[in-house]
Amino acid sequence: MTGWDGFGERLAEQLSTLGAGSVLIIREGGGTGRYAQFLQSDEGVEAELVGDHGLDPALRAGEEGSRLIVEAGWKPPQDTVYGHNWWAELPWPSPSGAYRKLAGMTVTGLRDGLQITGPEALVYEAWDGRRGNRDLALPLLGIDPKS
């Protein structure tokens, strides 16, 4: 399966394999500033989707995109630990269905909310914060690591 649906399935599978201390950032190539990120802790997964604050006006979700992001399940930006970003949390451990839901929320946010054309426009960065920030290879994502 290719395209956004396939990416969502691969993301759900990859998220379920992350160890505590793992950080994953999925961003649009070309330095647009549009991204989603995930931190796996001992307690769960903290997920963020970039909010409009700080994005070029042409790249913002705007009113319609924000509505779609909320409908997908993201919590609105607040002046908390997540700053100006949309956010979601999963407890650990979580069932596979919860990872699929989070991955679906991420696809909706990137595709529909932020209007990124397809997963081929994405790259990732990942590292293990508990093991000297060593890079993590995440081949299940099916996208290239940031070079």
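Residues numbered from 1 in each chain as written. Predicted model: local features only at pLDDT ≥ 70, side-chain atom pairs only at ≥ 80, totals over all residues. Heavy atoms only, no water.

**Considering the overall build of the protein**
Worth spelling out the cut-off: Helix and strand assignments follow DSSP, with helices taken as H or I runs no shorter than four residues and strands as E runs no shorter than two, numbered in order from the N terminus. For every residue, the accessible area (1.4 Å probe, protein chains only) is compared with the maximum for its type, and the residue is labelled buried under 20%, exposed over 50%, or partly exposed between those bounds. For this count, His and the chain ends are skipped, Lys and Arg are scored as positive, and Asp and Glu as negative. For this purpose, a charge sits on NZ of Lys, CZ of Arg, CG of Asp or CD of Glu.
Along the backbone of the protein there are 3 helices and 7 strands. Going from N to C terminus, the protein has its helices and strands arranged as α-β-β-β-α-β-α-β-β-β. For the protein, the spread of C-alpha atoms along the three principal axes comes to 40 × 30 × 30 Å. The buried share among the 147 residues of the protein stands at 46%. Each charge sign in the protein was given a centre, from 13 positive and 21 negative side chains, and these centres are 3 Å apart.

**Observations concerning the pattern of salt bridges**
Two side chains bearing opposite charge may form a pair once their charged atoms approach each other closely. For the record, the criterion: By convention in these notes, a salt bridge is any Lys or Arg side-chain nitrogen within 4 Å of a carboxyl oxygen on Asp or Glu.
Per the counting criterion, the structure on display carries 9 salt bridges. A salt bridge links glutamate 125 to arginine 27; its shortest N-O distance comes to 2.9 Å. One end of the pair, glutamate 125, is in strand 5 (residues 122-128); the other, arginine 27, is in strand 1 (residues 22-28), with 98 residues separating them in the sequence. Glutamate 125 gets classed as partly exposed once you look at its relative accessible area, which sits at 25%. With a closest N to O distance of 3.0 Å, aspartate 42 and arginine 130 form a salt bridge.

**Quick notes on the packing of aromatic side chains**
Both the distance between ring centres and the angle between the ring planes are used here to describe each pair of aromatic rings. So the rule is basically this: Stacked, tilted and edge-to-face pairs are distinguished by plane angle, under 30 degrees for stacked and over 60 for edge-to-face with tilted covering the rest, among Phe, Tyr and Trp rings (Trp via its six-membered ring) whose centres lie within 6.5 Å.
One pass over the full model with this rule turns up 1 aromatic pair. Arranged with centres 6.0 Å apart and planes meeting at 80 degrees, the rings of tryptophan 4 and phenylalanine 7 form a pair that is edge-to-face. Pair noted here: tryptophan 4 and phenylalanine 7 are both in helix 1 (residues 3-15), with a separation of 3 residues, about one helical turn. Neither tryptophan 4 nor phenylalanine 7 differs from the other in exposure class; each is buried.

**What about the pairing of strand 2 (residues 35-40)?**
For the record, the criterion: Here a strand pair is declared whenever DSSP counts at least two bridges between the two strands.
Pairing of strand 1 with strand 2 involves 5 bridges; the strand directions are antiparallel. Along strand 2, the bridge assignment pairs valine 23 with leucine 39. What sits between the antiparallel neighbours strand 1 and strand 2 is a turn of 6 residues, in which glycine 30 has the positive phi angle 90 degrees. Pairing of strand 2 with strand 3 (residues 44-49), which is carried by 5 bridges, proceeds in the antiparallel orientation. The residue of strand 3 that forms the bridge with phenylalanine 38 is alanine 47. Hairpin connection from strand 2 to strand 3: 3 residues lie between these consecutive antiparallel strands.

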